[in-house]
Amino acid sequence: MSTPARPANRHHKRPRGEGQWALGYREPLNKNEENKKADDGLNVRQRIIDIYSKGGFDSIDPADLRGRMRWYGLYTQRKPGIDGGKTAILEPEELDDRYFMLRVRIDGGQLDLKQLRVIADISNDYARGTADITDRQNIQLHWIEIESVPDIWNRLEAVGLSTTEACGDTPRVVMGCPLAGIDAAEVIDGTAQIADITSRYVGDKAFSNLPRKFKSAVSGCSAHCTVHEINDIAFVGVTHEGEQGFDVWVGGGLSTNPMFAKRLGAFVRPEQVHEVWAGVCGIFRDYGYRRLRHRARIKFLINDWGAEKFREILETEYLGYRLADGPAPEEPRGGRRDHVGVFPQKDGNFYVGFAPRVGRVDGDTLHRIADIAERHGSGRVRTTVEQKMVILDVAPDQVDSIVAELEAVDLRVNPSTFRRQTMACTGIEYCKLAIVETKATAVKLIDELETRLPGFTEPLTINVNGCPNSCARIQVADIGLKGQLVVNDKGEQVEGFQVHLGGSIGVNPNFGRKVRGLKATAEELPGYVERVVRNFDKQKNEGETFSE
Ligand code: SF4
């Protein structure tokens, strides 16, 4: 592990009381900070191997169970049968099942077939066949028993995969364009920079106690597919005076106080990316707010400081050198950002992006995908940030056959808009924070809309969330659906959604408007969305998109 950047001085005036380490607040100001101070989250690994996997669920220390296990991608899943009305009322232990969700981090979304098959085998052997592709390119498994975790880690680590810092107050998966290195239109391939960051800093105790999670993206994608606007740190490919490098953005995030990231206006050369990443993460560690969990993301710090002061502190206290000024990224190329469909690579081969429904696959399907890829001469697959997948390196004479085989197993290469652009978070099936069901609701919505609106082909994002958090990015969807209990026409409290309309990212980023009084029960959702779409179709001006 390399030595992290350290601040040179600590004299900045900040309002007191936010719990920043750099201002001397080393005494924990809340329970989460106490737990992190008592023992580093990374230390739980050895206890899982030596004690918990042998002693079983009941041997797990509660502070590890609901805290440090996350440092290795493990969350207790929700006990089945507890309705969403009880989520905020019950104690955490009443919501805990004796099984875990396990998140496998897939940095850059990059997998070879061996890795894909290992995840498929783990899904079938230990996770009741479950597997969900997340909107941060990870794969989540459910029904994991603590006894099986050491074997799962052995299998993953044997093929270069890991669950280290997949959750927790840590540097999470580093997102990257699934087409990095193969897309003729890309500005720069960020693969080496992602590897630089993960190999140096993931699992490094210098960065394992952050105020909260830290989400990263590195991409030179000309379609801006890694949603740099809503990451804690993002490096976006640019060309500056004939040189390829990155424009750095800091402090994007959604949830209850959504903010778009700010540009620091600095040009970062490829070899500087890891240092700048460590500097920004170091600022977050040292100056980030630790008193209140809901203010502990880096977006609050940069919102208070402004980009100019943030850059000044980065350069003077952490890097020790000035960064060159640089240009903003070019506008994203037109069309959708999701890489679904068949498109040429720069080497003459093709990539084939396909759409499972809302990222839900299973162990057998992952095996099938590996087999189909292999039969058609490909050794590489990718996960996307839209809960989709891409197979790379398909020779021209294999394209028709691979498309037919994927479509035959319902992995659509030419999906409807609804299949292609609907995402859903985990929801009440497994998530302890959820108020409503999401995955099955979204699948039903897709199927219904395909029947009701068969000719609809315009881009339209529909993001379904099970609670006010924004794991499925509701505020930047054309139609964002935030799960809550609503009252139906019989006066009963049932699962439903608050509707947000007109969110977007890209050239004119915009948070969707929460439309007063616009709530739909889960039952009436297909009819509701159909009416919204038909009204838009009727009233839109030439060339107008939904978010406009
Ligand atoms: Fe759970 Fe809420 Fe996130 Fe959905 S949005 S996965 S319900 S925390």
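Residues numbered from 1 in each chain as written. Predicted model: local features only at pLDDT ≥ 70, side-chain atom pairs only at ≥ 80, totals over all residues.

The protein has the name assimilatory sulfite reductase (ferredoxin) in an unreviewed UniProt entry, where Microtetraspora glauca is given as its organism. What the UniProt record of the protein gives under Cofactor (unreviewed entry) is the line "[4Fe-4S] cluster". For the record of the protein, the UniProt heading Sequence similarities (unreviewed entry) holds the text "Belongs to the nitrite and sulfite reductase 4Fe-4S domain family." (UniProt positions renumbered as here; feature names shortened; annotations may be inferred.)

### Here's the deal with the overall build of the protein
In terms of regular secondary structure, the protein is built from 15 helices and 21 strands. Against the globule reference of 24 Å for 548 residues, the protein gives a C-alpha radius of gyration of 23 Å, in line with a compact fold. With the C-alpha coordinates of the protein rotated into their principal frame, the extents come out at 60 × 60 × 50 Å. Burial statistics for the protein: of 548 residues in total, 54% are counted as buried. (Helix = DSSP H or I, 4+ residues; strand = E, 2+ residues; numbered from the N terminus. Rg over C-alpha atoms; globule rule 2.2 N^0.38 Å. Buried ≥ 20, exposed ≤ 12 C-beta atoms within 10 Å, placed from the backbone.)

### Quick word on the site of the ligand
The environment of the ligand is made up of C425, T426, G427, C431, L433, A434, N465, G466, C467, N469 and C471. Counted by class, the shell around the ligand contains six nonpolar, five polar and no charged residues. (Near = placed C-beta within 6 Å. Nonpolar A, V, L, I, M, F, W, Y, C, P; charged D, E, K, R; others polar.)

### Digging into the sheet that holds strand β18 (residues 462-465)
Sheet architecture is open: five strands sit in the order β17-β18-β19-β20-β21, paired in mixed fashion. Looking at the sheet topology across the chains shown, the edges are occupied by β17 (422-424) and β21 (513-521). For this sheet the average axis-to-axis angle between neighbouring strands, irrespective of direction, equals 30°. Bridge count for β18 against strand β19 (residues 479-487) is four bridges, and the pairing is parallel. When the sheet's bridge partners are listed, N465 is paired in β19 with K482. (Pairing = 2+ DSSP bridges. Axes fitted to C-alpha atoms, helices over the stretch in contact; angles between N-to-C directions.)

### Comments concerning the environment of E450
Turning to its location among the elements, E450 is positioned in helix α14 (residues 439-452). Accessibility expressed as a C-beta count within 10 Å gives 15 for E450, which makes it partly exposed. Here the alpha-carbon distance between E450 and R419, two residues 31 residues apart in the chain, equals 8.2 Å. For E450, the contacting residues outside a window of four places in its chain are S416, F418 and R419. (Contact = placed C-beta atoms within 7 Å.)

### Looking at the packing of helix α5 (residues 113-126) against helix α11 (residues 363-375)
Axis separation between α5 and α11 bottoms out at 8 Å; the angle between their running directions is 160°. Relative to α11, the element α5 lies roughly antiparallel. Where α5 crosses over α11, the handedness of that crossing is left-handed. In this structure, α5 uses L113, L116, R117, I119, A120, S123 and N124 to contact α11, whose residues at the interface are G363, L366, H367, I369, A370, A373 and E374. (Parallel < 35°, antiparallel > 145°, perpendicular 65-115°, else oblique. Left-handed = near helix turned anticlockwise from the far one by under 90°.)

### Some words on the confidence of the model for the protein
For the protein, per-residue confidence averages 93 on the pLDDT scale, and residues scoring 70 or more make up 95% of the total. Segment residues 1-6 is flagged for pLDDT under 50; beyond a separation of four residues in sequence, or across chains, it makes 15 contacts in the model. Scoring of the predicted complex yields 0.94 for pTM and 0.99 for ipTM. (pLDDT = per-residue confidence, 0-100.)

### A short note on the sheet that holds strand β8 (residues 233-240)
Read from one edge of the open sheet, six strands run β6-β7-β8-β9-β10-β11, paired in mixed fashion. Every other strand in the sheet has two partners, leaving β6 (171-175) and β11 (324-325) as the edge strands with one partner each.

### Digging into the environment of G517
As for its position among the elements, G517 is in strand β21. Looking at G517, the number of C-beta atoms within 10 Å reads 6, which means it is exposed. Placed 125 residues apart in sequence, G517 and L392 show a C-alpha to C-alpha distance of 45 Å.

### Section: the pairing of β8
Along a regular strand, successive side chains alternate from one face of the sheet to the other. Counting buried positions along β8 gives six out of eight residues, so the element sits mostly inside the fold. Across four bridges, the pairing between strand β7 (residues 214-219) and β8 is parallel. Within β8, the residue paired with S216 across the bridge is I233. For β8 and strand β9 (residues 243-250), the ladder comprises eight bridges, and the chain directions are antiparallel. The residue of β9 that forms the bridge with I233 is V250.

### Re the pairing of strand β10 (residues 262-268)
The buried count for β10 comes to five of seven residues, which makes it a mostly enclosed element. Inspection of the sheet shows β9 paired to β10 by four bridges, in the antiparallel sense. The residue of β10 that forms the bridge with V250 is K262. With two bridges joining them, β10 and β11 adopt antiparallel strand pairing. Within β11, the position partnered with A266 by the bridge is D325.

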